Amino acid sequence: MSDGRVAVGQAAVDQLLEVLDLDPTGEMTFRGMSPPVGPQRVYGGQVAGQALVAAGRTVDPERFVHSLHGYFVRPGDPVEPIAYEVENIRDGRSFSVRRAVALQHGKPIFFMSASFQRAEEGLDHQAPAPLDVPPPQDVPTMTDRLSRYPERLGIWGQIPRPIDVRYVGEPGWVRPGDRPADPHQRVWMRIDGKLPDDPLLHACALTYASDLTLLDSVLSAHGEVWGPGGLVGASLDHALWFHRPFRADEWFLYDCLSPSASGARGLATGRMFTTDGQQIASAVQEGLLRRVGA
């Protein structure tokens, strides 16, 4: 299925699977590529997702990733391959820890630590999911949203859309003045097609998606927007915790808010819930935010 020139649905998901399918170049080294059409720098969720693929392929598949912490240190070049080097920090009785570094031109662009745990039973509780959120079928699609702002599409009107993203409130790419301030930035998301059953792949797909709208919650708190007349930004770091089993190709609510912004940096936090209210993951990110002219 396609939307004009833009790949959507399963066609876009298949392209995402190709991006996440790294080529092994050694026992602990891999090579990844970027999509043929994309932003001027590598999308942060892509390099984080690929780094998790690299780390996960060196771990016993009976151990599932429960957390990752990464830093974006240089912008990635989307036309150059990305080399991933994995270091085995520890394999214990219950946990395995890996460090993965993404390199281009011999220099790190991203590094990440990830921890994997064998399945265990224990205490179980969570904060309740938001109750005042309409279901995804009652929220406008991305195509509906984009049709109102064709002049602000830019590259996003050309790249594949493997994720069905439905904003509950106004997104950050509307015109300046069109976005009321809202402390919460909530979106429904799902991988817009069928994924294989591999749990690591679903974790990598969720990692890919988690960087897409999180930082926008900082702008939402002020009613600000991205681009001309608003701000430009870049992710500085990213942390993600996985709490419960999930499928990334089923709907989840990404409930984001920003507890603080200062010094041209903004902090964003996010919680992910299934349609039946199970919290599957939590995310935290800090980003650089600078105002640009009209």
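Residues numbered from 1 in each chain as written. Predicted model: local features only at pLDDT ≥ 70, side-chain atom pairs only at ≥ 80, totals over all residues. Heavy atoms only, no water.

*Asks:* For the packing of aromatic side chains, give the residues involved together with the corresponding values.
*Replies:* Going through the model one piece at a time under the given rule, you end up with six aromatic pairs. Taking 6.2 Å as the distance between ring centres and 75° as the angle between the ring planes, the aromatic pair formed by Phe-64 and Phe-242 counts as edge-to-face. Here Phe-64 is found in strand β5 (residues 63-72), whereas its partner Phe-242 is found in strand β11 (residues 231-242), with 178 residues between them in sequence. Accessibility expressed as a relative area gives 29% for Phe-64, which makes it partly exposed. Summarising the aromatic geometry, the rings of Tyr-167 and Trp-173 are spaced 6.0 Å apart at their centres and angled 90° between planes, so their arrangement reads as edge-to-face. Residue classification places Tyr-167 among the buried positions, given a relative accessible area of 6%. (Phe/Tyr/Trp six-rings, centres within 6.5 Å; stacked < 30°, edge-to-face > 60°. Helix = DSSP H or I, 4+ residues; strand = E, 2+ residues; numbered from the N terminus. Buried < 20%, exposed > 50% of the residue type's maximum accessible area, 1.4 Å probe, protein only.)

*Asks:* Tell me about the pairing of strand β14 (residues 279-291), and name the residues and values.
*Replies:* Strand direction decides the pairing type here: β11 and β14, joined by eleven bridges, are antiparallel. Counterpart to Ala-234 in the pairing with β14 is Leu-288. Between strand β13 (residues 265-274) and β14, which pair antiparallel in sequence order, lie four residues; one of them, Gly-277, sits at a positive phi of approximately 90°. (Pairing = 2+ DSSP bridges.)

*Asks:* Any details on the pattern of salt bridges? Residues and values, ideally.
*Replies:* When their charged atoms lie close together, side chains carrying opposite charge are able to pair. This model, assessed by the stated rule, comprises 17 salt bridges. With a closest N to O distance of 3.2 Å, Arg-166 and Asp-164 form a salt bridge. Each member of the pair Arg-166 and Asp-164 is classed as buried. A salt bridge links Arg-265 to Glu-286; its shortest N-O distance comes to 3.0 Å. (Salt bridge = Lys/Arg side-chain N within 4 Å of Asp/Glu carboxyl O.)

*Asks:* Got a sec to walk through the nonpolar core? Specific residues and values, please.
*Replies:* Ranked by size, the top nonpolar core spans 66 residues in total, and within it Leu-52, Tyr-84, Phe-110, Met-112 and Phe-242 carry the most contacts. Aside from chain neighbours lying at most four places away, what touches Leu-52 is Val-65, Leu-68, Met-112, Ala-114, Phe-116, Leu-200, Ala-203, Cys-204, Thr-207 and Phe-242. Judged by nonpolar contacts, the second largest core, of five residues, contains Val-133, Trp-188, Trp-251 and Leu-253. (Core = buried A, V, L, I, M, F, W, Y, C linked by side-chain atoms within 4.5 Å. Contact = heavy atoms within 4.5 Å.)

*Asks:* Requested: an account of the sheet that holds strand β3 (residues 23-24), with residues and values cited.
*Replies:* Pairing within the open sheet is antiparallel, and its twelve strands lie in the order β3-β4-β6-β7-β8-β5-β11-β14-β13-β12-β10-β9. Every other strand in the sheet has two partners, leaving β3 and β9 (163-167) as the edge strands with one partner each. When strand β6 (residues 82-91) meets strand β7 (residues 95-104), the two strands line up antiparallel, connected through eight bridges. Bridge assignment links Arg-90 to a residue of β7, and that residue is Val-97. Docked against the sheet, helix α4 (residues 199-210) engages β5, β8 (107-118), β9, β10 (184-191), β11, β12 (252-262), β13 and β14, running at close to 150° with respect to β11. (Axes fitted to C-alpha atoms, helices over the stretch in contact; angles between N-to-C directions.)

*Asks:* Got a sec to walk through the pairing of β11? Specific residues and values, please.
*Replies:* Strand direction decides the pairing type here: β5 and β11, joined by five bridges, are antiparallel. Looking at β11, one finds that Ser-67 is bridged to Trp-241.

*Asks:* Give a description of the UniProt feature "domain: Acyl-CoA thioesterase 2 C-terminal" (unreviewed entry) in the protein chain that names residues and reports values.
*Replies:* Taken from the UniProt record, the annotation "domain: Acyl-CoA thioesterase 2 C-terminal" (unreviewed entry) applies to residues 177-288. In residues 177-288, the share of helix is 15% and the share of strand is 46%. The end C-alpha atoms are 22 Å apart. (UniProt positions renumbered as here; feature names shortened; annotations may be inferred.)

*Asks:* Describe the packing of helix α2 (residues 44-56) against α4, and please don't skip the residues or the numbers.
*Replies:* At a minimum axis separation of 7 Å, α2 and α4 run at an interaxial angle of 160°. Of the possible angle classes, the one that applies to α2 and α4 is roughly antiparallel. In terms of crossing hand, the pair formed by α2 and α4 is right-handed. Where α2 abuts α4, its residues Gly-45, Gln-46, Ala-48, Gly-49, Leu-52, Val-53 and Gly-56 lie against Leu-200, Ala-203, Cys-204, Thr-207 and Tyr-208. Looking at the contact of α2 with α4 residue by residue, the class counts come to seven nonpolar, five polar and no charged. (Parallel < 35°, antiparallel > 145°, perpendicular 65-115°, else oblique. Left-handed = near helix turned anticlockwise from the far one by under 90°. Nonpolar A, V, L, I, M, F, W, Y, C, P; charged D, E, K, R; others polar.)

*Asks:* How would you explain helix α1 (residues 9-20) if you had to name every residue and give the values?
*Replies:* Spacing of three or four residues puts side chains on the same side of an α-helix, whose turn is 3.6 residues. Between its first and last C-alpha atoms α1 spans 17 Å; for twelve residues at 1.5 Å apiece the expected length is 16 Å, and the two agree. Within α1, burial applies to Gly-9, Ala-12, Val-13, Leu-16, Val-19 and Leu-20. Relative to the axis of α1, the buried residues are bounded by an arc of 110° and lie together on one face. (Expected span 1.5 Å × (residues − 1). Arc of directions from axis to C-beta.)

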